[in-house]
Structures are given as structure tokens and as C-alpha cells.
Amino acid sequence: VQLQASGGGLVQAGGSLRLSCAASGRTFSSYDMGWFRQAPGKEREFVAAISQSGGSTFYADSVKGRFTISRDNAKNTVYLQINSLKPEDTAVYYCAARGPGTTNWDYWGQGTQVTVSS
């Protein structure tokens, strides 16, 4: 599966963004989907994940209550709604896919930059 992330930008603290990740292929609904981010000088970290059907979601503690992951399997797209942005949310955001029965995130998009100004 190939992934294309979009929707990043420059926003002021307190603002919102919605990131999108479009997937190619006809088996999108077979993959768990996730969002990760990497801030300058830091390691890539998990942000959120959603199960194949969308029935289960998982979040890093640092984003709970502000970020919402969702997916539309008919459109082969996963979303990350980001509210109440903070300067520490500044990072490159990546979407990733994990195949059925695996624990590794094997497929990655190219990343989209989110910059939050104070």
C-alpha cells in the first residue's frame, strides 16, 4: 500500500488542522492505520492509531482529548483532526499502515509538516 499525507501547515497556537492520508490499493480496510510525528532533534513518536474497521482507536497520552483519528474505508483515507494546537505539536506528521496479523508498521507516507506558532 502506498500512502500520501497532506493537510499540514502553519497555524497559531490554539488553532486546528485536519491531516489526511490517502492510501492506494483495494485492501485499505485490511490495515490498521496510524499517525506518528517527529519533531526537530527528536525521535519519531506514536500519536494515534485506528483499527481496520475504525471501531477501536488509540492515542498517546500527550494528545488525548485534542487529537481525533478517523477513517473512511470507502475513500481509502485516514484523518487526524488536531485541535487546541500547541507549539510542542510542531513536527513532521507521518501516516503508517500495519497489515493484518503483524505488529510492525511496514508502510509509511512521506510526512506533512505542522508548525505551530506561539
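Further up the page is the structure itself.
First, a word on what this report is: a plain description of the structure on this page. This one's a predicted model, so the numbers in the text were calculated from it and none came from an experiment. Residue positions within a chain follow its written sequence, with the count starting from 1. For a predicted model such as this one, the threshold for reporting local features is a pLDDT of at least 70, and the threshold for listing and counting side-chain atom pairs is 80 or more; totals across whole chains, interfaces and linings nevertheless cover every residue. To obtain the side-chain values, all non-hydrogen atoms of the structure were used and water was disregarded.

1. A few points about unusual backbone geometry
Notably, Asn 76 is not glycine yet its phi reads approximately 55 degrees, a positive angle. Its place among the elements puts Asn 76 in the loop between strand 7 (67-72) and strand 8 (77-82). Take Asn 76: its relative accessible area is 17%, and that puts it in the buried class. Positive phi is not limited to glycine here, since Ser 84 has a value of about 50 degrees. By the element assignment, Ser 84 lies in the loop between strand 8 and strand 9 (91-98). Exposure categories follow from relative accessible area, calculated using a 1.4 Å probe and restricted to protein chains: below 20% of the type maximum is buried, above 50% is exposed, and the middle band is partly exposed. Overall, the relative accessible area of 41% leaves Ser 84 in the partly exposed class. Think of it this way: any DSSP run of H or I at least four residues long counts as a helix, any run of E at least two long counts as a strand, and we number them from the N terminus.

2. Here's the deal with the state of the cysteines
Note on terminology: disulfide denotes any pair of cysteine sulfur atoms within 2.5 Å. Overall, the coordinates contain one disulfide when judged by the stated rule. A disulfide bridge connects Cys 21 with Cys 95, and the sulfur atoms are separated by 2.1 Å. Looking down the S-S bond of the Cys 21 and Cys 95 bridge, the torsion is 60 degrees, so its handedness is right-handed. Placement of Cys 21 in strand 3 (residues 17-23) and of Cys 95 in strand 9 is noted, with a sequence separation of 74 residues between them. The residues Cys 21 and Cys 95 share a single accessibility class, namely buried.

3. Here we look at the packing of aromatic side chains
When the centres of two rings from Phe, Tyr and Trp lie within 6.5 Å, Trp using its six-membered ring, the rings pair. Their planes under 30 degrees apart give stacked, over 60 give edge-to-face, and anything left gives tilted. Per the counting criterion, the structure on display carries four aromatic pairs. Both rings, one in Phe 36 and one in Trp 105, keep their centres 5.5 Å apart while their planes meet at 75 degrees; by these two values the pair is edge-to-face. Taken together, the residues span a long stretch of sequence, with Phe 36 in strand 4 (residues 32-38) and Trp 105 in the loop between strand 9 and strand 10 (107-108) at a distance of 69 residues. Of the two residues, Phe 36 and Trp 105, both sit in the buried class.

4. Considerations on the nonpolar core
Met 33, Trp 35, Val 47, Val 78, Leu 80 and Tyr 93 are the most contacted members of the largest nonpolar core, which totals 29 residues. Elements that contribute at least two residues to this core include exactly strand 1 (3-6), strand 3, strand 4, strand 5 (45-50), strand 7, strand 8, strand 9 and strand 11 (112-117). Whether two residues touch is decided by their heavy atoms; if any such pair falls within 4.5 Å, the residues are in contact. Not counting residues within four places of it along the chain, the set of residues in contact with Val 47 comprises Trp 35, Phe 36, Arg 37, Phe 58, Tyr 59, Ala 60, Val 63, Phe 67, Leu 80 and Tyr 93. Grouping buried Ala, Val, Leu, Ile, Met, Phe, Trp, Tyr and Cys residues that are joined through side-chain atoms within 4.5 Å yields what is termed a nonpolar core.

5. Observations concerning the sheet that holds strand 3
The antiparallel open sheet is built from four strands, whose spatial order is 1-3-8-7. Each edge of the open sheet is held by one strand with a lone partner, namely strand 1 and strand 7. The mean inter-strand angle of the sheet, taken between neighbouring strand axes irrespective of direction, is 15 degrees. Pairs of strands are assigned from DSSP output, requiring at least two bridges between the strands. Note that strand 1 and strand 3 share four bridges and pair antiparallel. Under this scheme, a helix contributes an axis fitted over its contacting stretch, all axes are lines through C-alpha atoms, and angles between N-to-C directions fall in the 0 to 180 degree range.

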